[in-house]
Amino acid sequence: MTVKNYQEIPSSAIKNIVIDTENNTVSIQYNSSEKNYTYSTEDAVSFDQQLLAEFDSEDISVGSFINQNISSGTLQLLTN
């Protein structure tokens, strides 16, 4: 199982992101909540690569990147 945990994210909205490439899930903990929100995605490896590219960007906005992926349906909230 490959799980990547990004904890020190340059974002005022997001505390951490956990990407599970085996199960194609992305768990996000927002700064405004202690709850983790888990999303499904078709290709967690590709999502991880895009997230890393966002970190390399001078004009970084991880919160905006996450919101775009939710709005486009790339990330779909899993219900508990």
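All of these numbers come straight from a predicted model, not from anything done at the bench.

## A word on the side chain of D48
Reasoning step 1: Assignment of secondary structure puts D48 in helix α1 (residues 44-56).
Reasoning step 2: Here D48 is in contact with K4, Y6 and I19, once residues within four sequence places are set aside.

## Quick look at the sheet that holds strand β1 (residues 3-6)
Reasoning step 1: One open sheet holds the five strands; their spatial order is β1-β2-β3-β4-β5, and the pairing between them is antiparallel. Strands at the two margins of the open sheet, each flanked by one partner only, are β1 and β5 (76-77).
Reasoning step 2: With respect to the sheet, α1 is in contact with β1, β2 (14-20) and β3 (25-30), its orientation differing from that of β2 by roughly 145°.
Reasoning step 3: Strands β2, β3 and β4 (36-40) of the sheet are contacted by helix α2 (residues 62-72), whose axis makes an angle of about 50° with β2.

## Thoughts on the nonpolar core
Reasoning step 1: Ranked by size, the top nonpolar core spans 16 residues in total, and within it I14, I17, I19, I28 and I66 carry the most contacts.
Reasoning step 2: Breaking this core down by element, the ones donating at least two residues are β2, β3, α1 and α2.
Reasoning step 3: Apart from residues no more than four positions distant in its own chain, I19 is found in contact with T2, V3, K4, Y6, T25, V26, A44, F47, D48 and L51.

Calculation criteria
Along each chain, the written sequence defines residue order, and numbers are assigned to residues from 1. In keeping with the model being predicted, local features are shown solely for residues with a pLDDT of at least 70 and side-chain atom pairs are shown and tallied solely at 80 or more, while totals for entire chains, interfaces and linings include all residues. Side-chain metrics in this entry use all non-hydrogen atoms of the structure; hydrogen atoms and water are not considered. A run of H or I in DSSP counts as a helix once it spans at least four residues, and a run of E counts as a strand once it spans at least two, with each numbered from the N terminus. Here, residues are in contact when the closest pair of their heavy atoms is within 4.5 Å. Any two strands between which DSSP finds at least two bridges are classified as paired. Here, axes are lines fitted to C-alpha atoms. For helices the fit covers the stretch in contact, and angles between N-to-C directions go from 0 to 180 degrees. In this text, buried Ala, Val, Leu, Ile, Met, Phe, Trp, Tyr and Cys residues form a nonpolar core when linked through side-chain atoms within 4.5 Å. Accessible area is worked out with a 1.4 Å probe on protein chains only. A residue is then buried under 20% of its type maximum, exposed over 50%, and partly exposed in between.

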